[in-house]
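So the chains spell out like this:
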Amino acid sequence: MEQESKARKLGILISVAPTHASFHHGLQLAAAALTAKDEVYLYCLDDAVAGVEDQRVQTLRGHGLRLFACAYACQRRKIVPGENALYGGLTLLNDVMSATDRFVSFN
Amino acid sequence: MMETLADKLKVDLKPKRKVLIIIDADPRTNPRAAEAVRLAGGVCVWEQVEVNIVLHHAAAHALGEAAADLPEGKMYKQFLPMVREKGGRVYVMPDDQTMEALDTEVILKNHIKEPALAELAAEAAIVIRF
């Protein structure tokens, strides 16, 4: 019998600042899932957009993390979107919520 | 492969994933309450998931008579009706103090008790708490 080789998809929402313990917990979950060869989609909302350039986040991105960030939250915080994440509206979050096998939030 | 007209007319019978958003943040002092409501509205509008909201304790002020005067008050006016229009429910679980700020009709129509909340959470594929 053929083995199922399709990777599981994990969606993660983080809305707290990078200094918050929950931000770190979210990243730890992402790291564990990436190690397990899952596809991981991280959406940064609200205060979490300040963490897009965080070294921990970018390291995970280097290991395959798909990184999204809320453009509205950036605009309100006068953060200029760069090239280290895909910036967009809640339609991106909707896609992550509806298309992943599991979805977890850290707020 | 090209999509045919028949494909386009097919009814999507797959049940929508249920999302429950529980808001504890006090909208009088905490902008996260408005952000949670914006998230709910911004996601439900795409109709790919079913979104329900529970305004827990002080968060129920978002449905109070003075909601428009709250910081980010326009968010509550804009996005809570949007959730309802898309078939979702906006429940309240006010504490005693918050209950005084709510219209009786709002409480009667939207109040939810702990066992029903537990049931909603158990049925939801995604629970987000702000």
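As a reminder, the structure under discussion sits directly above these lines.
Just so we're clear, the structure is a prediction, and the values are computed from it rather than from any experiment.

Quick word on the overall build of chain B
Here comes step 1: The helix and strand inventory of chain B stands at six helices and four strands.
Here comes step 2: When the helices and strands of chain B are read in sequence order from the N terminus, they spell out α-β-α-β-α-β-α-α-α-β.
Here comes step 3: Structurally, chain B occupies a C-alpha span of about 60 × 30 × 25 Å along its principal axes.
Here comes step 4: Relative to all contacts within chain B whose residues are 6 or more apart in sequence, the contacts with residues 24 or more apart total 74%.

Quick notes on the pairing of strand S2 (residues 49-56) of chain B
Two faces make up the sheet, and in a regular strand the side chains alternate between them.
Residues and elements named next belong to chain B.
Here comes step 1: Here S2 lies mainly inside the structure; seven of its eight residues are buried.
Here comes step 2: In the sheet, strand S1 (residues 17-23) pairs with S2 via seven bridges, with the strands oriented parallel. Bridged to Ile-21 within S2 is Ile-53.
Here comes step 3: Regarding topology, helix H2 (residues 32-44) serves as the crossover connection from S1 to the parallel S2, and that connection is right-handed.
Here comes step 4: Direction of pairing for S2 relative to strand S3 (residues 90-93): parallel, over a ladder of four bridges. Paired with Leu-55 across the bridge in S3 is Val-92.
Here comes step 5: As for the winding sense of the linkage, the β-α-β connection from S2 through helix H3 (residues 73-85) to S3 is right-handed.

Considerations on the sheet that holds S3(B)
Across a sheet, strands are paired by hydrogen bonds formed along the backbone, either parallel or antiparallel in direction.
Residues and elements named next belong to chain B.
Here comes step 1: Pairing is parallel in the open sheet, where four strands are placed in the order S3-S2-S1-S4. Looking at which strands have only one partner, the edges of the open sheet turn out to be S3 and strand S4 (126-129). Across this sheet, the average inter-strand angle for adjacent strands is 20 degrees, counted without regard to direction.
Here comes step 2: Helix H6 (residues 114-123) rests against S1, S2, S3 and S4 of the sheet, and its axis sits at about 135 degrees to S1.

Here we look at the packing of aromatic side chains
Residue and element names in this part refer to chain A.
Here comes step 1: According to the stated counting rule, one finds one aromatic pair over all chains in the structure shown.
Here comes step 2: When the ring of Tyr-41 is compared with that of Phe-68, the centres are 6.5 Å apart and the planes differ by 5 degrees; the resulting orientation is stacked. Of this pair, Tyr-41 sits in strand S2 (residues 39-44) while Phe-68 sits in strand S3 (residues 66-70), and the two are 27 residues apart along the sequence. As far as burial versus exposure is concerned, Tyr-41 and Phe-68 are alike and both buried.

A word on the nonpolar core
Residues and elements named next belong to chain B.
Here comes step 1: Counting 73 residues, the largest nonpolar core has Ile-21, Ile-23 and Leu-55 as the members making the most contacts within it.
Here comes step 2: Per-element tally for this core: the top contributor is H2, with eight residues.
Here comes step 3: Excluding residues within four positions of it along the chain, Leu-55 makes contact with Ile-23, Ala-60, Ala-62, Leu-63, Val-90, Tyr-91, Val-92, Met-93 and Pro-94.
Here comes step 4: Formed by nine residues, the second largest nonpolar core is a distinct cluster that contains Leu-20, Ile-22, Met-93 and Leu-117.

Structural notes on the interface of chain A and chain B
Here comes step 1: Taken together, the 21 residues of chain A in the interface contact 18 residues of chain B.
Here comes step 2: Taken together, the two surfaces of chain A and chain B that pack against each other cover about 1700 Å², and 55% of this comes from carbon and sulfur.
Here comes step 3: The largest contributions to the chain A side of the interface with chain B come from A:Leu90, A:Asn94 and A:Met97, which together make up 34% of the buried area.
Here comes step 4: For B:Arg32, the salt bridge goes to A:Asp46, with nearest N and O atoms at 3.2 Å.
Here comes step 5: One can count nine residue pairs in polar contact (both at pLDDT 80 or more) joining chain A with chain B.

Thoughts on the packing of H2(B) against H3(B)
All names here are of chain B.
Here comes step 1: One can describe the packing of H2 onto H3 by two numbers: an axis separation of 8 Å at closest approach and a directional angle of 40 degrees. Considering their axes alone, H2 and H3 lie oblique with respect to each other. Crossing hand, H2 versus H3: left-handed. Note on element contacts: H3 touches H2 through Met-75, Tyr-76, Phe-79, Leu-80, Met-82 and Val-83, opposite Ala-33, Ala-34, Val-37, Arg-38, Ala-40, Gly-41, Gly-42 and Cys-44.
Here comes step 2: Class assignment of the residues belonging to the contact of H2 with H3 gives a composition of eleven nonpolar, two polar and one charged.

Here we look at the sheet that holds S2(A)
All names here are of chain A.
Here comes step 1: Pairing in this open sheet of five strands is parallel, and the strands run S4-S3-S2-S1-S5 from one edge to the other. Among the strands making up the open sheet, the edge pair consists of strand S4 (86-88) and strand S5 (102-106). The average undirected angle you get between the axes of adjacent strands in this sheet is 20 degrees.
Here comes step 2: Relative to S4, S3 is paired through three bridges, and the arrangement is parallel. In the sheet register, Cys-70 faces S4, and the bridge partner there is Gly-88.
Here comes step 3: Where helix H1 (residues 21-35) meets the sheet, its contacts fall on strand S1 (9-14), S2 and S5, and the angle it forms with S1 comes to roughly 170 degrees.

About the criteria used
- All residue numbers here refer to positions counted from 1 along the written sequence of the relevant chain.
- Written order determines the labels here, with chains lettered from A and ligands numbered from 1.
- In keeping with the predicted nature of the model, local features appear solely for residues at pLDDT of at least 70, side-chain atom pairs appear and are counted solely at 80 or more, and the whole-chain, interface and lining totals rest on all residues.
- Each side-chain value is derived from all of the structure's non-hydrogen atoms; neither hydrogens nor water enter the calculation.
- By definition, any uninterrupted DSSP run of H or I lasting at least four residues is a helix, any uninterrupted run of E lasting at least two residues is a strand, and each is numbered from the N terminus.
- It only takes one pair of heavy atoms within 4.5 Å for two residues to be counted as in contact.
- Here the term buried applies to any residue with accessible area under 20% of the maximum for its type, exposed to any over 50%, and partly exposed to those in between, with areas from a 1.4 Å probe on protein chains only.
- Two strands are said to pair when DSSP picks up at least two bridges between them.
- Orient the strands so they point away from the viewer; a crossover is then right-handed if the path from the first strand over the helix to the second runs clockwise.
- The angle between two axes is taken between their N-to-C directions and runs from 0 to 180 degrees, where each axis is a line fitted to C-alpha atoms and a helix contributes only its stretch in contact.
- Stacked, tilted and edge-to-face are the three classes assigned to paired rings of Phe, Tyr and Trp, where Trp is represented by its six-membered ring and a pair needs centres within 6.5 Å; plane angles under 30 degrees give stacked, over 60 edge-to-face, the rest tilted.
- Definition of nonpolar core: a set of buried residues of the types Ala, Val, Leu, Ile, Met, Phe, Trp, Tyr and Cys, connected through side-chain atoms within 4.5 Å.
- When two components associate, each loses some accessible surface as probed by a 1.4 Å sphere; the sum of these losses over both components is called the buried area.
- Any carboxyl oxygen of Asp or Glu within 4 Å of a side-chain nitrogen of Lys or Arg constitutes a salt bridge here.
- Each polar contact in these results corresponds to two N or O atoms within 3.5 Å; when the atoms are within protein, one needs to be able to donate a hydrogen and the other to accept it, and residues that are neighboring in sequence are counted only if both atoms are side-chain atoms.
- The labels follow the angle: roughly parallel below 35 degrees, roughly antiparallel above 145, roughly perpendicular from 65 to 115, and oblique for the rest.
- Should the near helix be turned anticlockwise from the far one by less than a right angle, the crossing is left-handed, and should it be turned clockwise, the crossing is right-handed.
- Residue classes follow a fixed rule: Ala, Val, Leu, Ile, Met, Phe, Trp, Tyr, Cys and Pro count as nonpolar, while Asp, Glu, Lys and Arg count as charged, and any other residue, Gly among them, counts as polar.

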